[in-house]
Amino acid sequence: MSIDRAANRNDFSTISNAGRAGSGVTKGLIFSGCLVVSFISMTGVASAHVKWFVPCVVSDDPLPVQAVLTTTFFLFLALFLALFYLACAAEQTGVGAMVSKFLDQLTAPLRHRVDDLLRAAAAVFFALLWAHGGLILTPELEASSFWLSAIQLLIPLFLGARATLPAAGAGIVLLYVYGAASYGLFHMLDYPVFPGLGVWFALSLSRNAKLLAFRSDFLRWTVALSLLWPAMEKFVYPAWVAPIAIAHPELTLGFDVPTVVTAAGIVEFGLAFALFWTPLVRRLAALALVLVLTAATLDFGKVDGIGHLMIIAILVAVFANRDDRPARYRPALAPLVGSMALPATLLLYTGAHTLSYTSLTTPIEPLAGGTALLLLVFLCLRRFAAGPGNTRHESGQDRVRQVPRQVPRQLSLRASIVAATSDAAPEVAVGGVALTAVVLIAFLGLRGHELQVPPSAASAPPRQQHSDMSPLAMIRTT
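Residues numbered from 1 in each chain as written. Predicted model: local features only at pLDDT ≥ 70, side-chain atom pairs only at ≥ 80, totals over all residues. Heavy atoms only, no water.

Turning to the overall build of the chain, a few remarks are in order. Along its length, the chain carries 24 helices and 0 strands. In the chain, buried positions account for 47% of the 478 residues. Considering only residue pairs separated by 6 or more positions, the chain has 81% of its internal contacts joining residues 24 or more positions apart. Of the roughly 23700 Å² of accessible surface on the chain, a fraction of 67% belongs to carbon and sulfur atoms. (Helix = DSSP H or I, 4+ residues; strand = E, 2+ residues; numbered from the N terminus. Buried < 20%, exposed > 50% of the residue type's maximum accessible area, 1.4 Å probe, protein only. Contact = heavy atoms within 4.5 Å. Areas by Shrake-Rupley, 256 points an atom, 1.4 Å probe, with all protein chains shown as cover.)

Looking at where Leu141 falls in the secondary structure, it is placed in the loop between helix H8 (114–132) and helix H9 (146–158). Judged by its relative accessible area of 0%, Leu141 falls in the buried class.

Here we come to the packing of helix H12 (residues 193–202) against helix H13 (residues 209–231). Relative orientation of the contacting elements H12 and H13 amounts to 165 degrees, with a least axis distance of 8 Å. When the axes of H12 and H13 are compared, the pair comes out roughly antiparallel. The way H12 lies across H13 gives a crossing that is left-handed. Contacts from Val193, Pro195, Gly196, Leu197, Val199 and Trp200 of H12 reach H13 at Arg215, Ser216, Phe218, Leu219, Thr222, Val223 and Ser226. The residue makeup of the contact of H12 with H13, split by class, is 8 nonpolar, 4 polar and 1 charged. (Axes fitted to C-alpha atoms, helices over the stretch in contact; angles between N-to-C directions. Parallel < 35°, antiparallel > 145°, perpendicular 65-115°, else oblique. Left-handed = near helix turned anticlockwise from the far one by under 90°. Nonpolar A, V, L, I, M, F, W, Y, C, P; charged D, E, K, R; others polar.)

Here H9 is 13 residues long and its end C-alpha atoms lie 18 Å apart, about the 18 Å a rise of 1.5 Å per residue gives. Within the sequence span of H9, burial applies to Trp147, Leu148, Ala150, Ile151, Gln152, Leu154, Ile155, Pro156 and Phe158. (Expected span 1.5 Å × (residues − 1).)

This part takes up helix H10 (residues 165–183). With 19 residues, H10 extends 27 Å between its outermost C-alpha atoms, agreeing within 8% with the 27 Å of an ideal straight helix rising 1.5 Å per residue. One or two steps after H10, the chain reaches Gly184, where phi turns positive at roughly 95 degrees.

Right, let's get into the pattern of salt bridges. Enumeration according to the criterion identifies 5 salt bridges in this entry. Across the salt bridge formed by Asp104 and Arg283, the nearest N and O atoms sit 2.8 Å from each other. Here Asp104, found in helix H6 (residues 94–106), pairs with Arg283, found in helix H17 (residues 279–307); they are 179 residues apart in sequence, far enough to count as distant. Across the pair, Arg283 and Asp104 agree in class, each one buried. Where Asp116 meets Arg113, a salt bridge forms, and the shortest distance between an N and an O atom there is 3.2 Å. Judged by its relative accessible area of 33%, Asp116 is partly exposed. (Salt bridge = Lys/Arg side-chain N within 4 Å of Asp/Glu carboxyl O.)

Further remarks concern the packing of H10 against H12. At a minimum axis distance of 7 Å, the contact between H10 and H12 shows a crossing angle of 160 degrees. In terms of orientation, H10 and H12 fall into the roughly antiparallel class. Crossing hand, H10 versus H12: left-handed. Of H12, the residues touching H10 (which contributes Leu165, Pro166, Gly169, Ile172, Val173 and Tyr176) are Phe194, Pro195, Leu197, Gly198, Phe201 and Ala202. Grouping the amino acids of the contact of H10 with H12 by side-chain chemistry returns 10 nonpolar, 2 polar and no charged.

With that settled, consider the packing of aromatic side chains. Taken as a whole and assessed by the stated rule, the structure comprises 19 aromatic pairs. For the pair Phe186 and Tyr349, a centre-to-centre distance of 5.2 Å together with 65 degrees between the ring planes defines the contact as edge-to-face. Residue Phe186 is found in helix H11 (residues 185–188), and its partner Tyr349 is found in helix H19 (residues 333–357); the two are separated by 163 residues along the sequence. Each of the two residues, Phe186 as well as Tyr349, counts as buried. By the ring-pair criterion, three or more aromatic residues cluster together here, those being Phe80, Phe84, Phe269, Phe273, Phe276 and Trp277. Above the ring of Trp200, the side-chain terminus of Arg215 is found at 3.7 Å from the ring centroid. (Phe/Tyr/Trp six-rings, centres within 6.5 Å; stacked < 30°, edge-to-face > 60°. Lys NZ or Arg CZ within 6 Å of the ring centre and 35° of its normal.)

So, on to the side chain of Thr138. Looking at where Thr138 falls in the secondary structure, it is placed in the loop between H8 and H9. Among the polar contacts listed, one links the side chain of Thr138 to the side chain of Glu140, at a separation of 2.9 Å. Among all residues touching Thr138, those that are not within four sequence positions of it are Trp52, Tyr191 and Phe194. (Polar contact = N/O pair within 3.5 Å; in protein donor to acceptor, adjacent residues only side chain to side chain.)

The next point concerns the environment of Phe126. Considering the arrangement of structural elements, one finds Phe126 in helix H8. Residue Phe126 is classed as buried on the basis of its relative accessible area of 0%. Once the C-alpha coordinates of Phe126 and Pro156 are considered, the two residues, 30 residues apart in sequence, prove to be 6.4 Å apart.

Another aspect to go through is a nonpolar patch on the surface. The grouping of Val95, Met98, Val99, Leu284, Leu287 and Leu291 at the surface amounts to a nonpolar patch, some 490 Å² of accessible area in total. Secondary structure elements with two or more residues in the nonpolar patch: H6 and H17. One can find Val99 in helix H6. (Patch = residues over 30% accessible without salt bridge, like charges linked within 9 Å, V, L, I, M, F, W, Y side chains within 5 Å.)

Below is the structure:
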């Protein structure tokens, strides 16, 4: 009995120490929460995809990196890193555990219906694309072809049955590839969420728990990249965002336009980067992004709402997902990695743009610098990650994360395919027919129609130089 009392006393002291440690973090979060509420409202300027509302020429010369690194940029970056650290520190306290438990209970009904949510949202999205006509995947990706419309119509139909989900995923990936062939890969780097969605549906019939877990992570990574990469436009193309800020002055909160554009870029990058981090942090970031994107629809209309429909649905799925794996990264690692990830993304963006539109040799320096920073991020994550610990939940785990114990660890791919085929022969047959229909329509359509220059690129104005893209000139011209 004395041993039990001593153990209980130690447990109580541990909890009380964690509570005292968490109280300081909680006070910091209360103070910083006021700043978050103020600056997150500015993301309404950035949440509307710029290319959907303002004439943009992707081949324009971006601002040089040294012009982006202003005092305002570093001020907002420091604020983001401080808030990021506080959020990660709070996650590992008793307050974070209570919030996680509350979110688990709140999202329990939705968590087991994520497949239905994504299937319904994707069906509505592609049905609207088909009804509108003349678009590939988003409002600025224009193309007119019968086979494109046919695939856009088949995708909602294939999403209605479980057996044809892989065919629907193949159709989504095919539309993305056609967009990359028509508009260039650099332009389509704004939308990796569509290949992620295609992979999600393609793996829907798998019974392998690791593949099902991978598709969830892959979809979250792609939606994060779809928000993180376009955030760089706010830094290197401020003239694109300025007309939106001027047309909606209520979103600026009285600040000048360059400050608002920089703050919007930092906040958008920060929330997108948080989707790569620990479970509670990424769930809260997903919730914040859902609120921002939904609120932006009130200002920018149905084009913005329909265009962001899939992103909002995926973010809701991220918010509902309960990850039972322990948080592997210490809170102090968050600002370190974040401070390297932003300049790395900025350098890779400018280097990839130069490689795509200007020269094959000039972008060596920014690409090398961005790659080096990403390598440092990888080394930090590998070296300073916390060791594996006990998961928060020992029972009632999500079915996607739960691996049956009776299944052998090493099962050959051939045996898995044979077992799946024998158990679900009708599904495999129907799915194969649907996939063949998608491939056949695409083959016949591409054979009869050569790729043409996109209408927006054909009528694009001459390329602008660095001097025309300066913040002062941007304000004067708008």
